[in-house]
Amino acid sequence: MQLTNRSKQVSNKEMTLAEKMYLPAVISGLAITIRHFFRKKPTIQYPEVKKYLGPIYRGHHVLKRDEQGRERCTACGLCAVACPAEAISMIAAERKKGEENLYREEKYAAVYEINMLRCIFCGLCEEACPKQAVYLRHDRMVPVFQERDEVVYGKDKLVEKLDDRYVRVNNSEVKTTPTEPSLTRAAT
């Protein structure tokens, strides 16, 4: 019985003496090793020099503010529905009188949390948001967690600080920020 119609013809030709001692394979392997030995190493000095991650990198989450400093999020829940890992949870609340300078719409997210252990950084929450309130920063990585209670990011870690505004350019040019190093590599 034949499982497939793709059969391969195997030749049983006699190997030469050099092939029996694996000389061509050993020589080609040594040539590759010597070639890599004399190449310039792409090592960077990490704490001082950080690698540029590129404009399409999806890193640290941020909840954007508008030009007046009000939160853009209206707690519609589309980002939570779009999240395949179910990492986003929120509780909506009504804006009270006198809070017009804090929240843009009448409904806002009183609690907005992202479980970073569940997040797969797919960017679907960013695409689903109709108010362009959720962004994944391309210039900042998520910090390393030391304790288990640090993995759930609330509004205190997610809402954009007014002195550290995130700007994403829509065209092919990337606006560099002070956190992005140059594209040069440091040789060791």
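Every chain is numbered independently, its residues counted from 1 as its sequence is written. Per-residue local features of the predicted model are confined to residues with pLDDT of at least 70, and side-chain atom pairs are confined, for both listing and counting, to 80 or more; whole-chain, interface and lining totals are unaffected and use all residues. Note that the side-chain values use all heavy atoms of the structure and ignore hydrogens as well as water.

As recorded by an unreviewed UniProt entry, the protein chain carries the name NADH-quinone oxidoreductase subunit I and is attributed to Spirosoma profusum. UniProt positions are given in the numbering used here, feature names are shortened, and annotations may be inferred rather than shown by experiment. Under the UniProt heading Catalytic activity (unreviewed entry), the entry covering the protein chain gives this text: "a quinone + NADH + 5 H(+)(in) = a quinol + NAD(+) + 4 H(+)(out)". Reading the Subcellular location (unreviewed entry) entry of the UniProt record for the protein chain gives the comment "Cell membrane".

1. Side note on the overall build of the protein chain
Note on conventions: DSSP H or I runs of at least 4 residues are helices, E runs of at least 2 residues are strands, and numbering of each starts at the N terminus. Counting secondary structure elements, the protein chain contains five helices and five strands. Secondary structure elements in the protein chain, listed N-terminal to C-terminal, are α-α-β-α-β-β-α-β-β-α. Under the scheme applied here, a residue whose accessible area is under 20% of the maximum for its type counts as buried, over 50% as exposed, and between as partly exposed, the area being computed with a 1.4 Å probe on protein chains only. Every one of the 188 residues in the protein chain was classed for burial, and the buried ones make up 26%. Partitioning the contacts of the protein chain with sequence separation of at least 6, the portion at a separation of at least 24 is 74%. Computed with a 1.4 Å probe, the accessible areas rest on the Shrake-Rupley method; for each residue, only the protein chains presented here act as cover. A total accessible area of about 14100 Å² is found for the protein chain, and carbon and sulfur atoms account for 55% of it. In this description, contact between two residues means that some pair of their heavy atoms is separated by no more than 4.5 Å.

2. Remarks on the UniProt feature "transmembrane region" (unreviewed entry) in the protein chain
Mapped onto this numbering, the UniProt entry gives "transmembrane region" (unreviewed entry) at residues 21-38. Helix makes up 83% of residues 21-38 and strand 0%, with an end-to-end C-alpha separation of 28 Å.

3. Remarks on the UniProt feature "binding site: [4Fe-4S] cluster 1" (unreviewed entry) in the protein chain
Listed under "binding site: [4Fe-4S] cluster 1" (unreviewed entry) in the UniProt record, and renumbered for this structure, are C73, C76, C79 and C129. In summary, the annotated positions, though distributed over 57 residues, converge in three dimensions, the widest C-alpha pair being only 10.3 Å. If we skip the residues at most four places from it in the chain, C73 touches K107, Y108, A109, Y112 and A133. For C79, the position within the fold is in helix α3 (residues 78-82).

4. Some words on the sheet that holds strand β2 (residues 88-94)
Strand order in the open sheet formed by three strands is β2-β3-β5, with antiparallel pairing between adjacent strands. In the strand order of this sheet, the two ends are held by β2 and β5 (152-153), each with one partner. If DSSP finds at least two bridges between two strands, the strands pair. Sheet analysis places strand β3 (residues 107-115) next to β5, joined by two bridges and oriented antiparallel. Bridged to I114 within β5 is Y153.

5. Observations regarding the confidence of the model for the protein chain
Overall, the prediction assigns the protein chain a mean pLDDT of 84, with 89% of residues at 70 or greater. Residue-level confidence of the predictor, termed pLDDT, takes values from 0 up to 100. The spread of mean pLDDT over the elements of the protein chain runs between helix α1 (residues 17-20), the lowest at 82, and α3, the highest at 95.

6. Concerning the pattern of salt bridges
Criterion for a salt bridge: a side-chain nitrogen of Lys or Arg within 4 Å of a carboxyl oxygen of Asp or Glu. Enumeration over the complete set of coordinates arrives at nine salt bridges. Among the salt bridges present, the one from E105 reaches K131, with a minimum N-O distance of 3.6 Å. Here E105, found in the loop between β2 and β3, pairs with K131, found in the loop between α4 (124-128) and β4 (134-136); they are 26 residues apart in sequence, far enough to count as distant. Taking relative accessible area as the criterion, K131 reaches 29% and is therefore assigned partly exposed. The structure contains a network of salt bridges with shared partners spanning R137, D139, R140 and D164.

7. Comments concerning the packing of aromatic side chains
By convention here, two paired aromatic rings are described through the distance between centres and the angle between planes. What counts as a ring pair is set by centres within 6.5 Å for rings of Phe, Tyr and Trp (its six-membered ring), and what kind of pair is set by the plane angle: stacked under 30 degrees, edge-to-face over 60, tilted for all other angles. Inspection of the entire model under this criterion finds four aromatic pairs. Here F37 and F38 contribute two aromatic rings whose centre-to-centre distance is 5.2 Å and whose plane-to-plane angle is 80°, an arrangement assigned as edge-to-face. Here the aromatic rings of Y135 and Y166 are separated by 6.1 Å at their centres, their planes lie at 65°, and the arrangement is edge-to-face. Separated by 31 residues along the polypeptide, Y135 in strand β4 and Y166 in the segment after α5 (155-158) bring together distant segments of the chain. Note on Y166: relative accessible area 3%, which makes it buried. Seen from the ring of Y135, K64 lies directly overhead, with NZ or CZ sitting 5.9 Å from the centre. When the NZ atom of lysine or the CZ atom of arginine is within 6 Å of a ring's centre and also within 35 degrees of its normal, the charge is said to sit over that ring.

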